[in-house]
Amino acid sequence: MVALEKPRSAGLALHIEGLSHAFDIEGTPLPVLENISLNVAPGEFVALLGPSGCGKSTLLRLVAGLEPADQGTLQGDGQPIIGPDPSRVVVFQDPTLYPWRRVWDNVALGLQAQGVLKGQRQRVDAALAKVHLGDFARAWPRQLSGGMAQRVALARALVNEPRLLILDEPLGKLDSLTRIAMQKELIDLWQRQGYTALMVTHDVEEALLMANRIIVFSDRPARVKSQILVERGYPRRRDDPYLVELRTSILQSLGLG
Amino acid sequence: MSSVKWAHSAAAARPRLAAVGWRPALAVLAWLGAALLTRFYPDATRHWPWTVGLANIELGMALAIGVLAVLAPRSVRVAKGLRHLAAWLIVLALLLAAWELLTAKLGRLPMPFFAPPQALIAVYFNDWARLLDSLWHSALLLGSGVLLGAVCGFIAGVSIGWSSAIGYWLHPVLRILGPVPSTALLPLCFFLFPSSWSASVFLIALATWFPVTVLSWSGVASVDKAYYDVARTLGAKPGFLIFRVAIPAAMPHVFVGLFMGLGASFSTLVVAEMMGVKAGIGWYLQWAQGWAAYANMYAALLLMALACSGLISALFKVRDRLLAWQKGAVKW
Ligand SMILES: Nc1ncnc2c1ncn2[C@@H]1O[C@H](COP(=O)(O)OP(=O)(O)O)[C@@H](O)[C@H]1O
Ligand SMILES: [Mg+2]
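These numbers were taken from a predicted model, which means no experiment stands behind them. (Residues numbered from 1 in each chain as written. Chains lettered and ligands numbered in written order. Predicted model: local features only at pLDDT ≥ 70, side-chain atom pairs only at ≥ 80, totals over all residues. Heavy atoms only, no water.)

Residues and elements named next belong to chain B. Within this structure's numbering, the places UniProt gives as "transmembrane region" (unreviewed entry) are residues 20-41, 53-73, 85-102, 135-161, 173-193, 199-220, 241-271 and 291-316. A distance of 32 Å separates the end C-alpha atoms of residues 20-41, which is 86% helix and 0% strand. Helix makes up 100% of residues 135-161 and strand 0%, whereas the separation of the span's terminal C-alpha atoms amounts to 37 Å. (UniProt positions renumbered as here; feature names shortened; annotations may be inferred. Helix = DSSP H or I, 4+ residues; strand = E, 2+ residues; numbered from the N terminus.)

See below:
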């Protein structure tokens, strides 16, 4: 693992062992995850790569506690994960902002749901400022561009000071310029906040630019196929020969090389 | 020299014309014409009281439009409103004049059945107390029924959409009772309920309940599941998911149900008042028809149309306030 510049006590240690999961499709089981074991250190940034439909989102939903796993161990800081918790927040591919709430109220969602919004309103302002959208607090979601909406979704997650940020193709639907800008922002925020990050992406380059470690999954049912350490500090350059070389080997392990 | 002067005055006049156009002038003329026709053209069969009154009202309209047109260059709001309404104002004057001509002036329409406009004015002037009282009774009955039906429908719909256990019990009731036209239950209800008033409240509530229930239910059922995932990962409890996610997301559907329910409630109200409740606009209509007082009937109908339209408008206003976040909602 790379030498981490800062103490990362804010991050959650994730421990996954022998995790298997299947969906029931009209009576026949559809195995989606098969015997997945994975440890993520506090403050680590792990990217998950794999063919579409192999089960990456399912893994994230289990880690978030949105669904119970069929089999295996799933622990955060040694405690079993049995349900959703604001310390493990998900940012989905779609921003899924509530259209009936203004931007500010969308960001305030978590604090309100936990019943702590009163007296902590400045946290919402701070989160909006972090994603450079302070001026849009009173806007409706429909008035935002895709990139802005996704930044609001990020602020909505960060305001809860998560210890594990779960990102499911968060930049998947953005245009390439917005994407590059947001990759930088995400790295920045991660470095400043010190949370653990678990990110699914379908973009090998994005994984190489952002993650400490890349996990490559097999076709469905997903198994861990290979793990690649990216031993480079930040900011990274896309034309770094080291990264270009890693890219080739990852594409090969995905069967696309 | 003179051409320069002309150009100058034309430039000064242009903003005035640009503000309202020529239609308000036509509207003034049309109302003036209607007033003159009413006042000076002889009545055909009999003399109608309130003919001069009608003429004065028409004259008043002409004056009011004229004054607004003069004010228009000073106020953008007045100018906009006038420009928008001008065509209708012209047509209304013409229609009123035609109505007057065909009834009072030429007697072309069979008389007791088609009352001239001044007869309606006479009704409003002579019978306003009874009309107002009827309107008040109708409002009370409608308000009670619609409120009861809307509240029950909203709660039932949200419950069915949220909980399959509640849905198990309510769904069959909804399917059997809902589509029955509530007026069909009228005879039964007058017999079952202690008073015709409570029976009518129940029927109006039933008419409102059905669409509100179905639409609230479909609204809750069609909420994007991702909204719940977001709230759950942020620490939301079930109460929060219902009141802060499901219900706000379902509100556009709920309002469609409310519009349909309100529409259905009007007809139930009138039938209930005609059949049993001895008060209200429906009863007034029935009474007027029984006495062949057709002018009274038209007057009551017009009043009812305005009242119902006012209620729908008010509901639109409420919706526009509550659903300001929606894009491209229909404007009333
Ligand atoms: N709730 C569900 N019920 C049934 N099948 C599901 C469900 N969610 C996902 N699947 C199936 O599981 C497989 C993996 O899905 P997913 O985890 O979303 O893949 P991806 O790696 O693209 O994120 C897919 O074949 C999908 O159809
Ligand atoms: Mg996915």
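Residue and element names in this part refer to chain A. Taking 1.5 Å as the rise per residue, helix α6 (residues 176-193) with 18 residues should run 26 Å; its terminal C-alpha atoms sit 25 Å apart, in good agreement. If you check which residues of α6 are buried, you get R179, M182, Q183, E185, L186, I187, L189 and W190. Packed against the buried residues of α6 are β3 (45-49), α4 (121-130), α5 (146-158), β8 (196-200) and α7 (204-210). Once α6 ends, the next one or two residues include G194, with phi positive near 80°. (Expected span 1.5 Å × (residues − 1). Buried < 20%, exposed > 50% of the residue type's maximum accessible area, 1.4 Å probe, protein only. Contact = heavy atoms within 4.5 Å.)

Right, let's get into the interface of chain B and chain A. With 19 residues of chain B at the interface, the matching set in chain A holds 26 residues. Interface area for chain B against chain A, summed over the two sides, is near 2,000 Å², with a carbon-plus-sulfur share of 66%. Among the residues of chain B in contact with chain A, T233, L234 and W325 of chain B are the three that bury the most area, contributing 36% of the side total. Along the contact surface separating chain B from chain A lie one salt bridge. For D229 of chain B, the salt bridge is made with R61 of chain A, and the minimal N-O distance between the two is 2.8 Å. (Buried area = accessible area lost by both parts, 1.4 Å probe. Salt bridge = Lys/Arg side-chain N within 4 Å of Asp/Glu carboxyl O.)

So, on to the UniProt feature "domain: ABC transporter" (unreviewed entry) in chain A. In the numbering used here, UniProt assigns the "domain: ABC transporter" (unreviewed entry) feature to residues 14-244 of chain A. Taken as a whole, residues 14-244 of chain A contains 31% helix and 27% strand, while its terminal C-alpha atoms sit 29 Å from one another.

This part is about the domain arrangement of chain B. Domain boundaries in chain B define domain 1 (2-110) and domain 2 (128-324). Computed from C-alpha coordinates alone, the two centres of domain 1 of chain B and domain 2 of chain B are separated by 40 Å. (Domains from an automatic or database assignment.)

What follows concerns the sheet that holds strand β10 (residues 224-229) of chain A. In a beta sheet, neighbouring strands are held together by backbone hydrogen bonds and run either parallel or antiparallel to one another. Residue and element names in this part refer to chain A. Overall, mixed pairing links the six strands, which are arranged β6-β7-β8-β3-β9-β10 in an open sheet. Both outer strands of the open sheet, β6 (88-91) and β10, are each paired with one neighbouring strand and no more. Here the strands of the sheet are splayed against their neighbours by 15° on average, with no regard to which way each runs. Sheet analysis places β6 next to strand β7 (residues 164-168), joined by four bridges and oriented parallel. Bridge assignment links V91 to a residue of β7, and that residue is L167. Contacts from helix α8 (residues 241-253) reach β3, β9 (213-217) and β10 within the one sheet, and its direction differs from that of β10 by about 175°. (Pairing = 2+ DSSP bridges. Axes fitted to C-alpha atoms, helices over the stretch in contact; angles between N-to-C directions.)

For the rest of this paragraph, the subject is the site of ligand 1. Residues and elements named next belong to chain A. Close contacts around ligand 1 come from F23, I25, L30, V32, S52, G53, C54, G55, K56, S57, T58 and R220, and that covers them all. A distance of 2.7 Å is found between an oxygen atom of ligand 1 and a backbone nitrogen or oxygen belonging to G53. Coverage of ligand 1 by the protein chains reaches 63% of its 560 Å² of free accessible surface. Looking at the shell around ligand 1, the elements that each hand over two or more residues are β1 (14-25), β2 (28-40) and α1 (56-64). The element that contributes the greatest number of residues to the shell around ligand 1 is α1, accounting for three residues. Its residues placed into classes, the shell around ligand 1 shows five nonpolar, five polar and two charged. (Near = heavy atom within 4 Å. Polar contact = N/O pair within 3.5 Å; in protein donor to acceptor, adjacent residues only side chain to side chain. Areas by Shrake-Rupley, 256 points an atom, 1.4 Å probe, with all protein chains shown as cover. Nonpolar A, V, L, I, M, F, W, Y, C, P; charged D, E, K, R; others polar.)

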